Amino acid sequence: MPDQLVYAMEVFLNGLMAGVLYALVALGFVLIYKASGIFNYAQGVMALFAAMTLVGVMEGQVPFSHLINAILGTKVHHFGWHLPALIGIVSTVVIMVVLAWLVQRIIFKHLVGQEPIILFMATIGLAYFMEGFGDMMWGSEIKKLDVGLPQGINLWIDETTYNIFDYGFFIDNLDIFATIIAAILVGGLVIFSQYTKEGRAMRAVADDHQAALSVGVSLNFIWIMVWSVAGFVALVAGIMWGTKSGVQFSLSLIALKALPVLMLGGFTSIPGAIVGGLIIGVGEKLFEFTVGPLIGGATENWFAYVLALLVLVFRPQGLFGEKIIERV
Amino acid sequence: MNNSDGYVTDDGRTIGGVVMEMKNITLRFGGVTAIKDITFDIREGEIRAIIGPNGAGKSSMLNVVSGFYVPQEGEVFFRGVKRPPVKPFEVARQGIARTFQNIALFEGMSVLDNVMTGRLTQMKAGILSQAIWRGKAEQEEVENREICERVIDFLEIQSIRKTPVSRLPYGLKKRVELARALASEPKLLLLDEPMAGMNVEEKEDMSRFILDVNDEFGTTIALIEHDMGVVMDLSDRVVVMDYGKKIGDGTPDEVRNNQAVIDAYLGVSHD
Amino acid sequence: MFYREAGDFSKTYREDSQTFPIRFDRYRYYAVLLIAFAIIPFFLNDYWVNAIFLPFLIYSIAAIGLNILTGYCGQVSLGTGGFMAVGAYATYKLMTSFPEVSMVVHILLAGGITAFVGVLFGLPSLRIKGFYLAVATLAAQFFLVWLFNRVPWFYNNSASGQINSPERTLLGVPITGANTEPWAVYLFCLVFVALSAVIARNLTRGAMGRKWMAIRDMDIAAEIIGVNPLTAKLSAFAISSFFVGVSGALFFSVYLGAVEVGEVFGINKSFLVLFMIIIGGLGSIFGSFAGAAFLVLLPVLLKNVLVTGLGWPTDIAAHLEFMIVGGLIIVFLIMEPHGIAQLWRIAKEKLRLWPFPH
């Protein structure tokens, strides 16, 4: 088998796994959008905040230590404990749920019935706020996140592929683990929304707030539930990415990456988010591998967007989205 | 009265020859046939009502008349000339204006600005003139404003001309929409349920305005309406639709006594 | 009591459609112009010009541009940073290729080039709407930044990838480069700002503005009454991008002098200008100025109060700025979607009656 093709296969597999991670992040968006019509630009920052909180809790950081020290002239930084990952994760989930409740009560309750673009801009505002708040609370330096996930090159794949292709594929254990977790989460979410009472209520709310209210669905409860689930998804995504590249600002840019995934798949479709994520994950990496070197490299910065743009021009609702019919 | 010559009505209005002819119109949306093989005409200067139970296809018919929907089968003749399919925004230039069942005003603008948008097809000053403003663009703006102010006077909405449209009650919004349609000085005016949601007084006002428009400007009017009293009082001729088909066509009296029409409204089941 | 309006009414439509129909407002406007052109230049120093006036003036032009596209025509764009970059790099190539030609020509040409690019990236708006379009404009943003980073022709193959603005003069006075005087750069930008405001005001008050607003409010109805959506949207993109391009050109050549595209014209720039028009007021020329002033002054204020005043570290001031800006966006969107401009209008209404309550 020619070398280029073998390398391409490796790139393809890595792309698939990146795609699964994109899909996971995109799912968080789809859920909120389905339930409330809001595209939550702040999802990425929430993932960052979740990861930062996790690290902060586990490492025993004092929240707002920087600010406290500045005002009071003290030098506190840590409480001095180290908590196991499980406790850290549970506490962070609790905090994210509280956050979801606050966001719902303070912001989106007042924006019911506004156009999507206004809601979108509100989430941009929220993203900026959360970024400043998160940095203020936990500090903006890069943190290492270690919750005990498997990392490093997967030796079994390395050896097996070496035996077949004379070239050992480099596939990170973390990516494999992330893929499995993401797949489980995705499956769980699909089952939840299709087959449970709460899931049905969520879909009702996504269709028509007023109608859902009139059949007795509590909007508040659904929204809090949805934002909490999204927060949990954000946490998982944050843990995966954070373990891989450290907990830092660039984590919040995940949100930006999810956008083309959703544009491609259609904002209201869970399978769309998955397929979109995979297409973009694979597409990005393959494009960079094949065409990238010819035009200067680093095409991953824009490929996803241009691809999504082209798809939207031909199919404005995305690949799986509902057709937008406008009537006067 | 099926000849193509004009005639004079009892109250002295002149009705001319056929100005709009719909021949064998069939309109489909995917699997749903909204209009099945309908033929009727509209005479110049008349008030033509289109009536029928809900879902009969009346609004779709109006959209075909205005050119917004292109029927899959059939032809539309405007002033004797077969009308080629045109883009929706080109339809307005033919001199056809319409109002909408659910109000389609521009909520971010004032009443005056909304009425002025009715004249956008007639405002020709280029971007450069508009950027400079003084001279040609300003002149055109003032001229068009005069025309709009006459319409505003006619419909008695002077006191709200600077009010943002979003703040107006429903009845006034409908009147502003009529003003916007009139501002373009149309030859054919299409009104989609102009009385919807109004009380008796508002209906009387609106009826008076519609009659005045037809009387003073000679505008041909086609309207969709559910209030039978209004239809009988206002219209010269009526088309009755049900389930996308035409089931009656004639003067209000002829249609009132048509058995098929009575059945449709009383709900006798048919295929 | 401030507004003596008795006897001040319009007798012609021409008078009624003025920018400032009330005499008091008109005099106030002339006073502002007088102060801006004839008085401020004498009191400027390097700090004031570089920290406050130049960014305010230049961002005002960008805000006017984005407001035309997003506030008046309803097409949300997140590509403002990328388009400013087009203006900047166009200016750079023009300056270095035609060193003898006046800066005024270069800046206007750069605006024109950006207008052209704007139309190109605006074509999808004919099929894609609302905030799908916003996301599509991100394609423009990321692609353009990548382009100016990776294609060496744009930065004349310099090793650092940075572009630098060589010295140019206007009427013998340096307006770019290291030897400029504060009053010279201030006046140069001020003239562009004044012209931009006048042109934008004229375009938005007439037929063009109504076409844009009709598309924004209900594009299907607009089409039905005869507005060609293609020309309306593309003209909005073109004119908006012209202003944004001019802004980018000035930003690079006069204000910063040296630019590395990823840092200066990244997505944060796009958000910044968007925040300016949200806070300032969508669909308002005055709002563009108000928003630009607010977002230029806020960090300066925070820095002076917190860092210089209270001695807090600078990164806390930066974090606080994010929180305040983000929070204000949300507050304005909830409570006053028409921004500072609306608050100002309400205040003026109350002032017209003061001291009477109604």
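A. View of the overall build of chain B. For chain B, the count of helices and strands is 10 helices and 12 strands. For 271 residues, the compact-globule formula gives about 18 Å, and the C-alpha radius of gyration of chain B, at 19 Å, lands near that figure. Projected onto its principal axes, the C-alpha positions of chain B cover 65 × 40 × 40 Å. When each of the 271 residues of chain B is scored for burial, the buried share is 44%. Contacts in chain B between residues at least 24 apart in sequence constitute 67% of all its contacts with a sequence separation of at least 6.

B. Spotlight on the interface of chain C and chain A. Across the boundary between the two partners, chain C contributes 38 residues, which contact 39 residues of chain A. Elements with a minimum of two residues in the side of chain C that touches chain A: α6 (130-150), α8 (207-224), α11 (267-280) and α13 (314-335) of chain C. Considering each element in turn, the side of chain C that touches chain A owes the most residues, 14 residues, to α13(C).

C. Looking closely at the interface of chain C and chain B. Taken together, the contact between chain C and chain B spans 26 residues of the former and 29 residues of the latter. The set of elements that each furnish at least two residues to the side of chain C that touches chain B consists of α1 (13-16), α7 (182-205), α8 and α9 (229-256) of chain C. Examining the composition of the side of chain C that touches chain B, we find that 12 residues originate from one element, α8(C), more than from any other. The residue makeup of the side of chain C that touches chain B, split by class, is 13 nonpolar, 7 polar and 6 charged.

D. Expanded view of the sheet that holds strand β8 (residues 96-98) of chain B. Residue and element names in this part refer to chain B. Here 6 strands make up an open sheet; going across it, the order is β8-β9-β10-β5-β11-β12 and the pairing mixed. Strands at the two margins of the open sheet, each flanked by one partner only, are β8 and β12 (245-250). The sheet shows a mean angle of 15° between the axes of neighbouring strands, direction not considered. Inspection of the sheet shows β8 paired to strand β9 (residues 188-192) by 3 bridges, in the parallel sense. When the sheet's bridge partners are listed, Arg-98 is paired in β9 with Leu-190.

E. Broad picture of the domain arrangement of chain B. Residues and elements named next belong to chain B. Looking at the assigned domains, one finds that chain B contains domain 1 (1-95 + 186-271) and domain 2 (107-185). At the junction of the two partners, domain 1 supplies 10 residues and domain 2 supplies 10 residues. Here the side of domain 1 that touches domain 2 takes 3 residues from helix α7 (residues 200-217), the largest share from any one element. In the side of domain 1 that touches domain 2, the residues fall into 7 nonpolar, 1 polar and 2 charged.

F. Broad picture of helix α1 (residues 58-66) of chain B. All names here are of chain B. With 7 of 9 residues buried, α1 lies mostly within the body of the structure. Within α1, the full set of buried residues consists of Lys-58, Met-61, Leu-62, Asn-63, Val-64, Val-65 and Ser-66. With its phi angle positive at about 100°, Gly-67 sits one or two positions after the end of α1.

G. View of the environment of Arg14(C). Structurally, Arg14(C) is set in helix α1. Non-local contacts of Arg14(C), meaning those with residues more than four positions away in its chain, are made with Glu138(B) and Val142(B).

H. Main features of the pairing of strand β4 (residues 32-43) of chain B. All names here are of chain B. When strand β3 (residues 18-29) meets β4, the two strands line up antiparallel, connected through 8 bridges. Among the inter-strand pairings, Arg-28 is bridged to a residue of β4, identified as Thr-33. If you look at the hairpin formed by β3 and β4, you'll find 2 residues sitting between the two strands, and Gly-30 has a positive phi there, around 60°.

I. Looking closely at the packing of helix α8 (residues 197-207) of chain A against helix α10 (residues 219-245) of chain A. Residue and element names in this part refer to chain A. Across the interface, α8 lies against α10 with an axial gap of 10 Å and an inter-helix angle of 105°. In terms of orientation, α8 lies roughly perpendicular with respect to α10. The segment α8 lies against α10, with Glu-198, Ala-201, Met-202 and Val-205 engaging Leu-219, Ile-222, Met-225 and Val-226. For the contact of α8 with α10, the residue count by class is 7 nonpolar, no polar and 1 charged.

J. Seen up close, the packing of helix α4 (residues 85-106) of chain A against α10(A). All names here are of chain A. Here α4 crosses α10 at 135°, and the two axes come no closer than 8 Å. In this view, α4 runs oblique relative to α10, as classed from their interaxial angle. Our pair here, α4 against α10, has a crossing hand that is right-handed. Between α4 and α10, the contacting residues are Thr-92, Val-93, Met-96, Val-97, Leu-99, Ala-100, Trp-101, Val-103 and Gln-104 on the first element and Asn-220, Trp-223, Ile-224, Trp-227, Ser-228, Gly-231, Phe-232 and Leu-235 on the second. A breakdown of the residues in the contact of α4 with α10 according to their chemical character gives 12 nonpolar, 5 polar and no charged.

K. A look at α10(A). Residue and element names in this part refer to chain A. The terminal C-alpha atoms of α10, which comprises 27 residues, lie 38 Å apart, in line with the 39 Å expected from a rise of 1.5 Å per residue. Most of α10 sits out of view: 19 of its 27 residues are buried. Backbone geometry just after α10 places Gly-246 at a positive phi near 85°.

L. Representation of the confidence of the model for chain B. Residue and element names in this part refer to chain B. For chain B, the average pLDDT comes to 87, and 96% of its residues sit at 70 or higher. Within chain B, helix α3 (residues 111-117) carries the highest mean pLDDT (94), whereas helix α10 (residues 259-266) carries the lowest (76). Both scores are given for the predicted complex: the pTM is 0.88, the ipTM 0.86.

M. Expanded view of the sheet that holds β3(B). All names here are of chain B. Read from one edge to the other, the open sheet built from 4 strands follows the order β4-β3-β6-β7, with strand pairing classed as antiparallel. With partners counted over all chains shown, the strands left at the sheet margins are β4 and β7 (81-82), one partner each. Sheet topology note: the strand β6 (residues 73-78)/β7 ladder contains 2 bridges and is antiparallel. Directly across from Phe-78, in β7, lies its bridge partner Val-81. In the packing of α1 onto the sheet, the strands contacted are β3, β4 and β6, and the crossing angle to β3 comes to about 125°.

Criteria and thresholds
Residues numbered from 1 in each chain as written. Chains lettered and ligands numbered in written order. Predicted model: local features only at pLDDT ≥ 70, side-chain atom pairs only at ≥ 80, totals over all residues. Helix = DSSP H or I, 4+ residues; strand = E, 2+ residues; numbered from the N terminus. Rg over C-alpha atoms; globule rule 2.2 N^0.38 Å. Buried ≥ 20, exposed ≤ 12 C-beta atoms within 10 Å, placed from the backbone. Contact = placed C-beta atoms within 7 Å. Nonpolar A, V, L, I, M, F, W, Y, C, P; charged D, E, K, R; others polar. Pairing = 2+ DSSP bridges. Axes fitted to C-alpha atoms, helices over the stretch in contact; angles between N-to-C directions. Domains from an automatic or database assignment. Parallel < 35°, antiparallel > 145°, perpendicular 65-115°, else oblique. Left-handed = near helix turned anticlockwise from the far one by under 90°. Expected span 1.5 Å × (residues − 1). pLDDT = per-residue confidence, 0-100.

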